[in-house]
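# Structural features, examined
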Amino acid sequence: MLQTVVRDLLGELVEFPSAVASAAVGYAKSKFSNTPNADQDVSIHIHGGTGAGPGLYHPWRNFLLSYLHNPPPIHLPRRIIFRARHLPHYDALIPTDNETSEVHIGHSVGGLVCLRRLVLYPEKVLRVILVATPVNPEHIHPWASEYIVKGILGIHAEALPVYLESLKVILQNPAMQRRITVISSEGDKFFPPEACFIPGAEHKEVPECSHIGFAYKERAKETIGNTVNTAISPMRQKRQAA
């Protein structure tokens, strides 16, 4: 068991320098490029994983700005999530406009912010995109269970179902399940596909992508971009026809 844990942990850590480099390049691009005029009928909100700052997700934002036609406003994480008790305070920081629909993208534990948002504002949220978000604790990697879920989030793995109880209105509601896209990978040794599975949701798999690799790898960004485009296109088409 220890050998497996060490191997999987090292497999994730070797990706870290690439993720940091990609974030730095993304930050530079965002500072020296013009943001196009935004479509104000929808907004996109990115929510980071445990301990991940906004800078890690500049590659996502820059990709979406170039991938989407007439891209809407794209908001990076408002604060870093360290403990589960921060989630309600985090939600209060998300800008809310009664006239604007929302798409929420959450990496890792940031996906719980997306689910919470769908519970609180079902009339506003077009789609939530969960990227390697753990919802089935029995399938979480032992290291992640011990140090991320318990040590950092402050949730014992056996208590995670109790925490998720507040989200059962989504996880058990077919109408809401249809607004969820789960993106995962067999290459994620912390939260593999079975740890992220939600019945009734749309599921997409990115081949050979580590947990941190989701933050910068092209195939992951393409999958996210395609999902966002599919979510907002019907609304735009309806508006153009009107």
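Note that the coordinates shown come from a computational prediction; the quantities given were computed from them, not determined experimentally.

Calculation notes
Residues numbered from 1 in each chain as written. Predicted model: local features only at pLDDT ≥ 70, side-chain atom pairs only at ≥ 80, totals over all residues. Heavy atoms only, no water. Core = buried A, V, L, I, M, F, W, Y, C linked by side-chain atoms within 4.5 Å. Buried < 20%, exposed > 50% of the residue type's maximum accessible area, 1.4 Å probe, protein only. Helix = DSSP H or I, 4+ residues; strand = E, 2+ residues; numbered from the N terminus. Contact = heavy atoms within 4.5 Å. Pairing = 2+ DSSP bridges. Right-handed = clockwise from strand over helix to strand, strands pointing away.

Attention now moves to the nonpolar core. By size, the foremost hydrophobic cluster in this structure holds 26 residues, and its most contacted members are Ile44, Tyr57, Ile105, Val131, Phe214 and Val228. At the level of secondary structure, the elements contributing two or more residues to this core comprise β1 (42–47), α3 (58–67), β3 (101–107), β4 (125–131) and α11 (218–241). Ignoring anything within four residues of it in the chain, the contact list for Tyr57 reads Ile46, Gly48, Gly49, Ala52, Leu76, Pro77, His107 and Ala215. Counting residues in each nonpolar core, the second largest holds 22 residues, with Val109, Val125, Met176 and Ala201 among its members.

Another point: the pairing of β3. Looking down a regular strand, the side chains alternate between one sheet face and the other. By the criterion of burial, β3 is predominantly enclosed, with seven of the seven residues buried. Side chains of β3 alternate between two faces, with Ser101, Val103, Ile105 and His107 and Glu102, His104 and Gly106 buried alike. Sheet analysis places β1 next to β3, joined by six bridges and oriented parallel. Across the sheet, the residue bridging to Val42 is Ser101, located in β3. Where β3 and β4 come together, six bridges link them in parallel fashion. When the sheet's bridge partners are listed, Val103 is paired in β4 with Arg127. Running through helix α5 (residues 110–120), the crossover from β3 to the neighbouring parallel element β4 is right-handed.

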